[in-house]
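If you want the building blocks of each chain, they are given just below.
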Amino acid sequence: MRYELSINVNYVPNWSITDGIRELLQNAKDSEVEFDAKMSVEHVARVRAGKKLGTLIICNEGCTLSKEALLLGTTSKAGRSEMIGAWGEGLKLSCLVLLRLGVELKIRNGDETWIPKIEHSEKFNADVLVFHVTSGNKYENRVQFELLGIDSALWDKLRSNFL
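Residues numbered from 1 in each chain as written. Predicted model: local features only at pLDDT ≥ 70, side-chain atom pairs only at ≥ 80, totals over all residues. Heavy atoms only, no water.

Summarising the sheet, strand 4 (residues 104-121) and strand 5 (residues 126-148) pair through 17 bridges and their orientation is antiparallel. Residue pairing in the sheet places K117 in a bridge with V130 of strand 5. Connecting the antiparallel pair strand 4 and strand 5 is a turn made up of four residues, with N125 showing a positive phi of about 50 degrees. (Pairing = 2+ DSSP bridges. Helix = DSSP H or I, 4+ residues; strand = E, 2+ residues; numbered from the N terminus.)

Take a look at the structure:
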């Protein structure tokens, strides 16, 4: 299934890789608080086409995302002081920015795999954020973000920005 979001590729032009990762980490922390879904973050090396790629893995065990999470403004966190996020934008904007900056993303969600991409939309005649969703994997009650292209030197530098 292909979900085309009406977010132009040039939105939030000043955001960096740090901003994109920050949003994913904030969402993971909020899931830990809201759903008691244990958060883990690790940096590993993955091999792609015979080449080692640094991969940042952000995971929450004990929750999944609904497709409604792809709608801008959809959130269960609005007005809740214990939550970091509140606007329902972080997931979409972080994926957009990270893709735009050359980071490859894969989201393992329940029995689905979500692959965000920047693609041309015939409907909008513009490049937009698109999620390709496939199902049929073994169900795991988790959401796991895999960010390919975050080398260890970059992660060492970035992680000092996060608590």
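Glancing now at the pattern of salt bridges. Here the structure, examined in full by the defined rule, presents eleven salt bridges. Within the structure, one salt-bridge network assembled from shared partners comprises R2, E4 and E119. (Salt bridge = Lys/Arg side-chain N within 4 Å of Asp/Glu carboxyl O.)

A word on the nonpolar core. Ranked by internal contacts, the top residues of the largest apolar core, which has 33 residues, are I21, I58, L98, F131, F145, L147 and I150. Breaking this core down by element, the ones donating at least two residues are strand 1 (2-8), helix 1 (17-35), strand 3 (51-61), helix 2 (90-100), strand 4, strand 5 and helix 3 (152-159). Not counting chain neighbours up to four residues away, the residues in contact with F145 comprise L24, L56, I57, I58, L65, L91, K106 and I107. (Core = buried A, V, L, I, M, F, W, Y, C linked by side-chain atoms within 4.5 Å. Buried < 20%, exposed > 50% of the residue type's maximum accessible area, 1.4 Å probe, protein only. Contact = heavy atoms within 4.5 Å.)

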